[in-house]
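# Remarks on the overall topology
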Amino acid sequence: MENTILPLTAIHSGSLVTLVSIGGGRGVRLKLVGMGLGVGMRIKVLSSSGSGPCVILVGNRRLALGRGMTKKILVREETGS
Amino acid sequence: MSKRIAVALAGNPNSGKTTLFNRLTGMRQHVGNYPGVTVEKVEGSVTFKKYDIKVVDLPGTYSLTAYSIDELVTRNFLFEEKPDVVVSVIDASNLERSLYLTTQLMELTGRVIVALNMADTAAELGFHIDQALLSKLFGVPIVSTVATRNKGIEELLEKVVNLFEGQNCLEKAIVRYGDEIEQELNALQTILSHHSSVVREYPLRWLALKMLENDRELTAKVEKSSHGEEIIRQAQKSRHHLQTIFGDTPDVLIAERRYGFISGACSEAARRSYEVRHTMSDKIDSILLSRALGLPIFLVVMWALFRFTFTLSEPIVGWLETGQGFFADFAGRVLPHGYGVRSFVTEGVIGGVGSVLVFLPVVSLLFLALAFLEDSGYMARGAFIMDRFMHTMGLHGRSFVPMILGFGCNVPAIMAARSIDSARDRLTTILVIPFMSCAARLPVYGLFIGALFSERIAGNVLFSLYLLGIVVAVASSRIFRKYLFPGEGLPFVMELPPYRFPTGKGLLIHMWGRVVLYVKKAGTVILAGTLVVWFLSNFPQNVQYPTDYNSLIKEAPDDQQMASQLKRGIESEKIENSYAGKIGKAISPALKPLGFDDWRVAVGLTGGIVAKEIIVGILGTLYKTGAKKEGPQTLRDALRRQVRTDGSKIYNPLVAYSLVVFVLLYAPCLATVAVIRKETGTWRWPMFSVVYTTAIAWIASFIVYQGGKILGLG
């Protein structure tokens with residue numbers, strides 16, 4: 001299992017990743033936690049355009065993240081399993 | 001007498017809360033606003049057994065922090081109105097996340113019932129929830145419901161009544177935050193209970209938690225109360241202490257502990273045998289959100305929205321205008337002539353009501369189309385698709401739809417800006433919407449472009465106006481974001497709900513609520529404005545006309561054509577000598593550098609502040625072309641012929657273009673001003689908007705006219 005930590009922008013569509021950290025202010029982090037996006041959660045990237053917005057699957061919900069947001073989210077890609 | 005129970009529905013967005021609310025109350029609903037803010041307040045009622053149950057549908061929220069208006073409104077409602085029972089609506093297929101709000105509601109009030117909604121979807125997805133165990137772990141009654149199929153509604157009402165009557169043997173669970181946090185909580189609770197007067201309003205433990213979370217609103221409240229400083233000092237100390245131990249801010253810690261409690265409970269009470277499946281929604285999204293097709297499809301949808309609105313509303317508007325004319329004719333024949341009564345009723349009242357009604361089909365259909373986009377789930381996708389482009393404006397994807405709606409009518413557009421959760425982004429959006437060229441401005445463009453440009457280039461000229469509006473909106477938005485509302489906006493995070501086919505009833509409820517709000521807000525203002533214009537153009541009445549028309553009419557009784565020409569002469573001179581005429585003459589020198597120093601146009605522009613399409617009507621009267629019967633052609637000819645006192649022609653293509661640019665950009669109409677006032681809560685922003693847009697309009701027209709002259713176009 002590889003342990004590279006990448007920003008969400010670098011992840012291809014269809015990959016399963018684990019959320020490592022959320023950057024940004026208090027308001028942003030609390031909002032994301034409230035929406036069910038916490039550190040350690042497994043998320044699936046449904047569509048990623050490479051440079052900006054992306055859609056992720058958390059639990060059973062689809063979240064759309066804007067440009068500014070995806071850069072601040074760091075994830076660990078799971079290549080082993 | 002039946003007993004009254006006040007119930008509040010709280011839940012995440014897309015938890016089926018509104019569907020449940022509709023099931024509970026049927027059409028017995030009332031849409032209003034929470035005091036002081038523009039969050040919609042939807043109330044309804046239901047009679048169950050001997051109880052009269054009033055239900056309030058609270059805004060959809062994920063938590064109860066003070067970061068967004070919706071959340072603030074929700075928790076203030078719970079304190080101020082103190083509903084008897086709070087129903088926490090949760091999406092059974094998203095148990096953990098939905099319960100996050102439930103735990104916060106439980107900390108805030110004793111009487112919570114959980115409605116485990118969308119139980120069928122959860123079962124399909126392979127969730128097995130032990131309802132009894134979950135109820136025991138949380139210490140609250142749980143009812144499973146399927147609002148879309150009307151299941152569990154009776155049982156929910158039954159539980160509401162039971163809880164109200166105190167027949168509940170469960171003991172509410174309390175989330176424990178771990179020794180360190182609990183210690184600080186205790187310290188804060190002690191000091192709070194000894195000193196502050198605020199504690200009487202709020203639950204003690206909750207207040208202490210909020211102090212630890214550094215909640216803006218409550219900290220400010222406590223600070224103002226007696227011994228406030230002491231409490232704040234303790235809170236700061238506690239926060240600092242926790243930060244050094246855990247290396248993270250207490251609010252994030254608390255949020256994580258809450259999740260800990262929830263996932264503990266869920267791992268006992270819920271089993272999942274599911275794998276994440278690619279649903280139909282994902283398949284649709286793989287096309288609608290794709291890089292190549294996403295944007296074109298979205299633009300086609302927007303285009304279809306306008307086609308739908310205008311194609312359908314056109315005949316209805318026609319009927320309304322015919323009806324208005326019929327009423328005005330009828331009233332004109334019945335009413336006495338003296339004291340301006342007839343003119344007040346036909347032009348003022350019927351004209352005023354008419355101009356509100358004429359907007360109604362367009363606005364209603366726009367709202368209907370909007371409700372369809374929202375209910376189907378596509379709206380969230382559209383915002384997402386436009387996010388990248390809107391960033392160049394310093395705005396979010398969510399600002400796009402309100403701005404696009406501005407092309408139809410600025411009023412619903414500004415109302416639609418409510419969906420933007422960051423206050424800075426919302427204000428910026430509201431302030432740039434008036435630059436989006438609404439449908440009411442089109443007749444004015446049509447008049448001047450038709451009169452002075454060849455048919456071959458008329459279309460391009462018109463298109464350039466729309467484009468100019470967008471360019472000015474983009475530039476203004478960047479300026480506002482940089483100087484008026486600096487700072488980073490909330491990043492764009494939005495849930496994409498699964499696609500659903502909207503129900504007719506849901507669409508109608510959505511549309512109706514907004515239409516009523518529109519009529520109340522804009523309708524009254526437009527009506528009042530029309531009456532003011534009527535007054536200004538009809539008074540003072542006892543003027544000596546320089547030409548004695550009446551005797552001229554008497555002298556030529558047989559000449560029908562002559563008589564009608566003379567009557568138009570009266571009308572025109574009446575306006576010239578009225579207050580409106582005087583205002584026009586006073587303003588027109590300021591328009592000289594823009595090329596159109598025609599007092600008639602100045603009167604038209606002044607009247608246009610009430611509603612832009614009035615401009616054409618006013619010019620028609622002032623240029624003595626009579627009523628609409630003779631068509632716009634005569635007015636166009638009159639404009640082309642118009643000369644100054646020195647004999648030079650007033651209008652040429654350059655002047656006309658400068659004028660339409662001015663009409664595009666200058667002060668928003670009264671209805672828009674009124675809506676900006678309502679939506680922002682102060683007079684400051686509508687005033688700012690009027691001054692800013694008019695200044696921009698003057699500058700833009702100045703550049704067009706003077707620049708054009710230098711280039712030799714005039």
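No experiment lies behind these values; they were computed from the predicted model shown.

### Details of the overall build of chain B
Along its length, chain B carries 30 helices and 10 strands. Looking at chain B alone, contacts between residues at least 24 apart form 71% of all its contacts between residues at least 6 apart.

### Remarks on the overall build of chain A
Looking only at helices and strands, one finds two helices and six strands in chain A. In chain A, the succession of α and β elements from N to C terminus is β-β-α-β-β-β-α-β. Counting across all 81 residues of chain A, residues that qualify as buried make up 46%. Taking contacts inside chain A between residues at least 6 apart in sequence as the whole, the part at least 24 apart equals 60%.

### Observations regarding the interface of chain B and chain A
Listed by partner, the interface residues are 35 residues for chain B and 32 residues for chain A. Of all the secondary structure elements, the ones that give two or more residues to the side of chain B that touches chain A are helix 3 (95-108), helix 11 (250-269), helix 12 (280-288), helix 15 (378-391) and strand 10 (493-496) of chain B. For the side of chain B that touches chain A, the per-class residue count stands at 17 nonpolar, eight polar and 10 charged. In the sheet, strand 5 (residues 61-65) of chain A pairs with strand 10 of chain B via four bridges, with the strands oriented antiparallel. Paired with Arg62(A) across the two strands is Leu496(B), which belongs to strand 10 of chain B.

### What about helix 24 (residues 579-591) of chain B?
For helix 24 of chain B, with 13 residues, the first-to-last C-alpha span of 19 Å sits near the 18 Å given by 1.5 Å per residue. Listed in full, the buried residues belonging to helix 24 of chain B are Ala580(B), Gly581(B), Gly584(B) and Leu591(B).

### Details of the packing of helix 3 of chain B against helix 11 of chain B
All names here are of chain B. One can describe the packing of helix 3 onto helix 11 by two numbers: an axis separation of 9 Å at closest approach and a directional angle of 125 degrees. One element, helix 3, and the other, helix 11, form an angle in the oblique class. Crossing of helix 3 against helix 11: the hand is right-handed. Contacts between helix 3 and helix 11 involve Leu 95, Glu 96, Leu 99, Tyr 100 and Thr 103 on the former and, on the latter, Arg 258, Tyr 259, Phe 261, Ile 262, Ser 263 and Cys 266.

### Comments concerning unusual backbone geometry
Residue and element names in this part refer to chain B. One non-glycine residue with positive phi stands out, namely Lys 82, at about 40 degrees. Mapping Lys 82 onto the fold places it in the loop between helix 2 (69-80) and strand 5 (85-91). On the basis of neighbour counts, which here come to 11 C-beta atoms within 10 Å, the residue Lys 82 falls in the exposed class.

### Considerations on the environment of Gly504(B)
Residues and elements named next belong to chain B. Considering the arrangement of structural elements, one finds Gly 504 in helix 21 (residues 504-538). For Gly 504, a count of 7 C-beta atoms within 10 Å gives the class exposed. The spacing of Gly 504 and Phe 372 is 132 residues in sequence and 9.3 Å in space, taken between C-alpha atoms.

### Quick notes on the packing of helix 29 (residues 670-680) of chain B against helix 30 (residues 684-710) of chain B
Packed helices, taken two at a time, are described by the angle between their axes plus the distance between the axes. All names here are of chain B. One way to put it is that helix 29 packs onto helix 30 with a least axis distance of 7 Å and a crossing angle of 140 degrees. Along this stretch, helix 29 crosses helix 30, giving a crossing that reads as right-handed. Only Trp 685, Pro 686, Ser 689 and Val 690 of helix 30 make contact with helix 29, whose side of the interface consists of Val 673, Ile 676, Arg 677 and Thr 680. Within the contact of helix 29 with helix 30, the residues separate by chemical class into five nonpolar, two polar and one charged.

### Examining the sheet that holds strand 1 (residues 5-7) of chain A
On the basis of which strands lie adjacent, the open sheet formed by seven strands has the order 1(A)-6(A)-2(A)-3(A)-4(A)-5(A)-10(B) and antiparallel pairing. Lying at the two open borders of the sheet, with one neighbouring strand each, are strand 1 of chain A together with strand 10 of chain B. Shown here is a sheet whose adjacent strand axes are inclined to one another by a mean of 40 degrees, direction ignored. Examined bridge by bridge, strand 4 (residues 54-58) of chain A and strand 5 of chain A share five bridges and lie antiparallel to one another. Within strand 5 of chain A, the position partnered with Cys54(A) by the bridge is Leu65(A). On top of the sheet, helix 15 of chain B reaches strand 5 of chain A together with strand 10 of chain B; it is set at about 140 degrees to strand 10 of chain B, its chief contact.

### As for the pairing of strand 3 (residues 42-48) of chain A
Residue and element names in this part refer to chain A. For strand 3, a buried count of five out of seven residues is recorded, marking the element as mostly surrounded by other parts of the structure. Summarising the sheet, strand 2 (residues 16-22) and strand 3 pair through three bridges and their orientation is antiparallel. Following the sheet pairing, Val 17 is matched in strand 3 by Ile 43. Direction of pairing for strand 3 relative to strand 4: antiparallel, over a ladder of five bridges. Considered in strand 4, the bridge of Ile 43 is made with Val 58.

### So, helix 15 of chain B
All names here are of chain B. With 14 residues, helix 15 should reach 20 Å at 1.5 Å per residue; the first-to-last C-alpha distance of 20 Å fits that figure. Taking the largest bend as the criterion, helix 15 deviates by roughly 35 degrees, centred on Ile 385. Of all 14 residues in helix 15, 11 are buried, a share of seventy percent or more. The complete set of buried residues in helix 15 reads Tyr 378, Met 379, Ala 380, Arg 381, Gly 382, Ala 383, Phe 384, Ile 385, Met 386, Asp 387 and Met 390.

### Let's talk about the pairing of strand 6 (residues 112-117) of chain B
Residues and elements named next belong to chain B. The buried count for strand 6 comes to six of six residues, which makes it a mostly enclosed element. The alternating pattern of strand 6 places Val 112, Val 114 and Leu 116 and Ile 113, Ala 115 and Asn 117 on opposite faces, both of which are buried. Relative to strand 6, strand 5 runs parallel, the two sharing six bridges. What sits directly across from Asp 91, in strand 6, is Asn 117.

### As for the environment of Ala383(B)
Residues and elements named next belong to chain B. Structurally, the position occupied by Ala 383 is in helix 15. Residue Ala 383 is classed as buried on the basis of its 24 C-beta neighbours within 10 Å. Contact partners of Ala 383, with chain neighbours within four places excluded, come to Gly 397, Arg 398, Phe 400, Val 401 and Met 494.

### A few points about the confidence of the model for chain B
Residues and elements named next belong to chain B. Per-residue pLDDT for chain B averages 82, and the proportion of residues at 70 or more is 88%. Considering each helix and strand of chain B separately, the mean pLDDT is smallest for helix 22 (residues 549-555), with a value of 62, and largest for helix 30, with 95. A low-confidence stretch, residues 626-631 stays under pLDDT 50, and its non-local contacts, those more than four residues away or across chains, total two contacts. Both confidence scores are given for the complex: pTM 0.69, ipTM 0.84.

### Some remarks on the environment of Arg75(B)
Here Arg75(B) shows up in helix 2. For the pair Arg75(B) and Ser63(B), spaced 12 residues apart in sequence, the C-alpha to C-alpha distance is 9.7 Å.

### Focus on the confidence of the model for chain A
Across chain A, the average pLDDT comes to 77, with 84% of residues at 70 or higher. Ranking the helices and strands of chain A by mean pLDDT puts strand 4 of chain A first, with 85, and helix 1 (residues 26-34) of chain A last, with 73.

Rules used in this analysis
- Within each chain, residue numbers correspond to sequence positions counted from 1 in written order.
- Here chains are named by letter from A upward and ligands by number from 1 upward, in the order in which they appear as written.
- Reporting in this predicted model follows two pLDDT cut-offs: at least 70 for local features of residues, and 80 or more for side-chain atom pairs to be given and counted; totals over whole chains, interfaces and linings ignore these cut-offs and use all residues.
- Helix and strand definitions follow DSSP, with helices as H or I runs of at least four residues and strands as E runs of at least two, each counted in order from the N terminus.
- What counts as a contact is two residues whose backbone-derived C-beta atoms lie within 7 Å of each other.
- A residue is called partly exposed when the number of other C-beta atoms within 10 Å of its own lies between 12 and 20, exposed at 12 or fewer, and buried at 20 or more, with C-beta atoms placed from the backbone.
- Any residue outside Ala, Val, Leu, Ile, Met, Phe, Trp, Tyr, Cys, Pro, Asp, Glu, Lys and Arg is labelled polar, Gly included; the first ten of those are nonpolar and the last four are charged.
- A pair of strands is labelled paired if DSSP reports no fewer than 2 bridges between them.
- For a helix, the expected span equals 1.5 Å multiplied by the number of residues minus one.
- Fitted lines through C-alpha atoms give the axes, limited to the stretch in contact for helices. The angle between two N-to-C directions lies from 0 to 180 degrees.
- Angle categories are assigned with fixed cut-offs, so that under 35 degrees is roughly parallel, over 145 is roughly antiparallel, 65 to 115 is roughly perpendicular, and the rest are oblique.
- Crossing handedness follows the turn of the near helix against the far one: under a right angle anticlockwise gives a left-handed crossing, and clockwise gives a right-handed one.
- Bend angle per residue: angle between axes fitted to the 7 residues ending at that residue and the 7 residues starting there.
- Values of pLDDT, ranging from 0 to 100, describe the predictor's confidence in every residue of the model.

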